[in-house]
Amino acid sequence: MPESPAPHAPPLPVCLLTGFLGAGKSTLLNFVLRHPQMAGTAVVINEYGSVGIDHHLVESASDDTELIADGCLCCTASGQLAESLLALLERARRRQFHLRRIIIETTGLAEPGPILSQLLRHETLRERFVVDSVVTLVDASNAAATLADHDIAVSQITAADRLLVTKTDLVDAAAARQLQYRLAEMNPDAVIEHVVAGTAQPAQLFSGAHRRATSGADFGSLFAKVGQIRFAPAARLSPSGPLINPRPPSEQDIQTFGLILDEPLPESTFNSWLAFLRTLCGPTLLRMKGLVNIQGRNVPTVLHGVQQTFHPPQTLPAWPDEDRRTRLVFITRGWWQDIVGSTLEWLRARKPRSVTDQPA
Ligand SMILES: Nc1nc2c(ncn2[C@@H]2O[C@H](COP(=O)(O)OP(=O)(O)OP(=O)(O)O)[C@@H](O)[C@H]2O)c(=O)[nH]1
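Rules of the game
Residues numbered from 1 in each chain as written. Predicted model: local features only at pLDDT ≥ 70, side-chain atom pairs only at ≥ 80, totals over all residues. Heavy atoms only, no water. Salt bridge = Lys/Arg side-chain N within 4 Å of Asp/Glu carboxyl O. Helix = DSSP H or I, 4+ residues; strand = E, 2+ residues; numbered from the N terminus. 1 Å grid on protein atoms, 1.4 Å probe; cavity = no way out; pocket = protein on both sides within 12 Å on 5 of 7 lines; lining within 4 Å. Points joined across faces, edges and corners; volume = space filled by probe spheres on them. Near = heavy atom within 4 Å. Polar contact = N/O pair within 3.5 Å; in protein donor to acceptor, adjacent residues only side chain to side chain. Areas by Shrake-Rupley, 256 points an atom, 1.4 Å probe, with all protein chains shown as cover. Nonpolar A, V, L, I, M, F, W, Y, C, P; charged D, E, K, R; others polar. Domains from an automatic or database assignment. Buried < 20%, exposed > 50% of the residue type's maximum accessible area, 1.4 Å probe, protein only. Pairing = 2+ DSSP bridges. Right-handed = clockwise from strand over helix to strand, strands pointing away. Axes fitted to C-alpha atoms, helices over the stretch in contact; angles between N-to-C directions. Contact = heavy atoms within 4.5 Å. pLDDT = per-residue confidence, 0-100.

Throughout the structure, instances matching the rule amount to 11 salt bridges. Put simply, Arg 95 and Asp 64 hold a salt bridge, and the shortest N to O gap is 3.8 Å. Pair noted here: Arg 95 is in helix H3 (residues 80–95) and Asp 64 is in strand S3 (residues 64–68), with a separation of 31 residues, a long-range link. Put simply, Asp 139 and Lys 167 hold a salt bridge, and the shortest N to O gap is 3.3 Å. Of this pair, Asp 139 sits in strand S5 (residues 129–139) while Lys 167 sits in the loop between strand S6 (162–166) and helix H8 (173–186), placing them 28 residues apart in sequence.

With that settled, the discussion passes to empty space enclosed by the protein. Using a probe with the size of a water molecule, rolled over the atoms, empty space left in the structure can be pinpointed. Throughout the structure, instances matching the rule amount to 1 cavity of 30 Å³ or more. For the largest cavity, the calculated volume is near 120 Å³. Lining the largest cavity are 17 residues, with Phe 20, Leu 137, Val 138, Asp 139 and Thr 146 positioned closest to its centre. The leading source of residues in the lining of the largest cavity is S5, at 4 residues.

The next subject is the site of the ligand. In the neighbourhood of the ligand, 19 residues make up the surrounding shell, with Lys 25, Thr 27, Ala 197, Arg 287 and Lys 289 lying closest. A distance of 3.1 Å separates an oxygen atom of the ligand from a polar atom in the backbone of Ala 23. The side chain of Asp 169 places a nitrogen or oxygen atom 2.9 Å from a nitrogen atom of the ligand. For the ligand, the protein covers 91% of the area, taking 650 Å² as the surface of the free molecule. Of all the elements in the fold, those that place two or more residues in the shell around the ligand are helix H1 (25–32) and strand S9 (285–292). Of all the elements, H1 adds the most residues to the shell around the ligand, at 3 residues. For the shell around the ligand, the per-class residue count stands at 6 nonpolar, 6 polar and 7 charged. Viewed by domain, the shell around the ligand spans two of them, domain 1 (12–237) and domain 2 (254–356), each represented by three or more residues.

The subject of this paragraph is unusual backbone geometry. Phi at Lys 167 takes a positive value of approximately 60 degrees, unusual for a residue other than glycine. Positive phi, close to 55 degrees, is recorded for Ala 197, a residue that is not glycine. Position of Ala 197 among the secondary structure elements: in the loop between strand S7 (191–195) and helix H9 (202–205).

The next thing to look at is the pairing of S6. In terms of burial, S6 is a largely internal element, 5 of the 5 residues being buried. Going residue by residue along S6, you find Arg 162, Leu 164 and Thr 166 tucked away on one face and Leu 163 and Val 165 tucked away on the opposite face as well. The pairing of S5 with S6 spans 5 bridges and is parallel. In the sheet register, Thr 136 faces S6, and the bridge partner there is Leu 163. Of the pairings in the sheet, the one linking S6 to S7 comprises 5 bridges and is parallel in character. Within S7, the residue paired with Leu 164 across the bridge is Glu 193. Read from S6 through H8 to S7, the crossover connection turns out right-handed.

Further remarks concern the sheet that holds S5. The strand order S3-S2-S4-S1-S5-S6-S7 describes an open sheet built from 7 strands, whose pairing is parallel. With partners counted over all chains shown, the strands left at the sheet margins are S3 and S7, one partner each. Adjacent strand axes in the sheet meet at a mean angle of 20 degrees when their direction is disregarded. Sheet topology note: the strand S2 (residues 41–46)/strand S4 (residues 101–105) ladder contains 5 bridges and is parallel. Note that in S4 the partner of Ala 42 across the bridge is Ile 102. Strands strand S1 (12–19), S2, S4, S5, S6 and S7 of the sheet are contacted by H1, whose axis makes an angle of about 145 degrees with S1. Where H3 meets the sheet, its contacts fall on S1, S2, S3, S4 and S5, and the angle it forms with S3 comes to roughly 160 degrees.

Before going further, it helps to spend a moment on the confidence of the model for the protein. Mean pLDDT over the protein works out to 77, with 75% of the residues at or above the 70 mark. The spread of mean pLDDT over the elements of the protein runs between helix H11 (residues 234–237), the lowest at 25, and S6, the highest at 97. Confidence drops under pLDDT 50 across residues 210–250; counting only partners more than four residues distant or on other chains, this segment forms 94 contacts. In the predicted structure, residues 352–360 sits below a pLDDT of 50 and forms 23 contacts with residues beyond four places in sequence or in another chain. As a predicted assembly, this complex carries a pTM of 0.76 together with an ipTM value of 0.99.

Here you go:
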């Protein structure tokens with residue numbers, strides 16, 4: 001258990017960075033953390049899925065990183081937030097490192113309300129941290145389907161101080177404008193801006209202008225706003241009520257599964273598999289991401305699928321750790337696990353190889 005930090009230290013600003021699956025949170029973090037003004041920033045990354053990937057992609061840019069991979073901060077992993085934040089403070093104290101601010105990257109399926117509630121109601125967290133802003137990314141290329149099917153995406157938008165619309169390069173100007181009007185209707189208080197390929201500025205995450213309440217007297221206005229969230233009825237967020245209990249994700253039919261391939265994939269097999277997944281991708285493939293080891297290459301290929309969009313595979317300059325296996329996470333609705341399983345059988349039939357569906 002980390003020691004309590006010095007009582008006189010001023011509270012550290014926290015940015016809650018949220019947005020539906022694949023909206024571009026990690027891409028933005030990777031970019032903005034390299035800005036000189038972001039020196040002294042630590043990141044708490046919450047990943048939903050059995051194979052953690054994001055922290056590998058972000059941690060090289062961050063001054064310190066805490067990974068919460070086992071569940072979602074707004075429900076099943078809610079207890080771990082305080083532990084992670086206090087661990088960051090304690091590590092900074094031991095290393096005599098000047099920690100200036102913290103970004104919490106939520107999972108794409110997180111409701112911000114319960115996370116804000118923890119930050120504001122946990123006595124030590126309330127003393128040590130101040131919520132600077134809630135920043136929600138909105139993927140322009142998938143926004144219509146996401147907002148139609150996922151109330152969590154609506155919650156993320158209504159809770160935001162700032163909405164950053166991503167992937168406007170993938171839609172025409174009229175569609176981007178229409179989305180902006182819709183977002184302004186959903187959350188008239190939020191600043192709405194466009195960010196392509198994650199190229200945000202530090203002030204878009206930590207402006208100070210949207211600083212939220214931390215004292216009891218200010219709770220009313222904060223909770224009045226958070227209380228509008230459709231999945232967070234006001235009763236659950238009442239300052240005088242009990243702390244929000246851990247609970248499973250609201251969208252019950254969502255499945256997450258990981259896929260690990262022990263041996264490198266021949267390039268031709270990888271390409272056929274990719275083509276096959278592409279033809280099937282649609283609203284039920286909520287998210288697919290991971291690192292692929294392709295035979296003959298000594299660097300990993302990064303794969304991202306978000307609903308209708310299969311982003312072009314990219315290569316990383318190096319493997320982030322010793323593990324060279326292909327590691328993919330799928331977040332789906334419905335029957336995808338069977339599809340991926342049978343695809344694997346097909347791959348196996350073409351060329352036998354060792355495959356497991358659980359992380360080692
Ligand atoms: N064309 C385009 N692609 C983008 C943009 N922003 C992000 N991407 C791509 O979108 C994919 C998903 O981005 P991530 O940053 O991993 O998204 P995320 O929100 O962290 O994903 P989860 O953590 O799974 O919810 C990646 O392939 C990114 O390169 C953008 O503005 N334009």
